[in-house]
Every structure is written in structure tokens, then in C-alpha cells.
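# Observations on chain architecture
Listed below are the residues making up each chain.
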Amino acid sequence: MGNHNGGTPASGSSSLSVLAGAVIGAAGLAWWLLAEAERRRHQGRPARTAGIAASPAVAATDRDLHDRVHELNQAIDDVRRQLESMTIQG
């Protein structure tokens, strides 16, 4: 009766495990994207210090990576809030 999803307690903990796995996976992907953006930024630095501007394509790629990481962080926050609400309700 305490389970609001109509399933067994085992299915609730299974759902919680899946959501936790999704959060961990998304956090890992966000970390990788940040590391990739940092690596690309460092690769472009010697050219800039020599007075050669980075190509617009590199700058656009960096912006795209930054935007994707921001979206992933928002999604991670949403899932974290859902997990917290499930924990509080359960």
C-alpha cells in the first residue's frame, strides 16, 4: 500500500536503480565532453599564441560541446530531483 506505482517494492527499487544508472551515465558523458572540449581548447592554444586565430569551425565545435554539457547537466539535475522525490515518497 505504501508503493504508489502499483508495482511490487522490488520493481520500485529496480526503477530507482535504472534511474541512478542513467544519472551516473549522463555524468560520465558530461565529464567526457568537458575533457574533450578542454583538450581541443589546449590544442588550439599554440596557434593563438603565435598570432593565428582559431578557425570558426573549432570555435563553433567548442560552443556546441559547451551547450551539450549544459543540457546534460540540466538533465542530470532533473533526474536527481526525480530520484529524490521517489525516495521521499517511498
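Our subject is the structure that appears above.
Just so it is clear, the structure is predicted and the values come from calculations on it, not from any experiment. (Residues numbered from 1 in each chain as written. Predicted model: local features only at pLDDT ≥ 70, side-chain atom pairs only at ≥ 80, totals over all residues. Heavy atoms only, no water.)

### Observations regarding the overall build of the chain
Counted only if it meets this: Secondary structure elements follow DSSP: runs of H or I no shorter than four residues count as helices, runs of E no shorter than two count as strands, and numbering proceeds from the N terminus. Burial classes: relative accessible area under 20% of the type maximum marks a residue as buried, over 50% as exposed, and values in between as partly exposed (1.4 Å probe, protein chains only). The contact definition used throughout considers only heavy atoms, calling two residues in contact when any of these lie within 4.5 Å. For every accessible area listed, the method is Shrake-Rupley and the probe measures 1.4 Å; residues are considered covered only by the protein chains on display.
Secondary structure summary: the chain contains two helices and zero strands in total. Relative to its 90 residues, the chain shows a buried fraction of 17%. Pairs at least 24 residues apart make up 82% of the contacts formed inside the chain by residues separated by at least 6 positions. Summed over its atoms, the accessible surface of the chain is roughly 6,500 Å², and 63% of this surface lies on carbon and sulfur atoms.

### Things to note about the pattern of salt bridges
How we decide: Salt bridges are defined by distance alone: a side-chain nitrogen of Lys or Arg within 4 Å of a carboxyl oxygen of Asp or Glu.
Evaluated as defined, the whole model comprises five salt bridges. In this structure, Arg40 engages Glu36 in a salt bridge whose closest nitrogen and oxygen atoms are separated by 3.4 Å. Highlighted residues: Arg40 and Glu36, both in helix H1 (residues 9–49), separated by four residues, approximately one helical turn. Residue Arg40 is classed as partly exposed on the basis of its relative accessible area, which comes to 30%. With relative accessibility at 13%, the residue Glu36 sits in the buried group.

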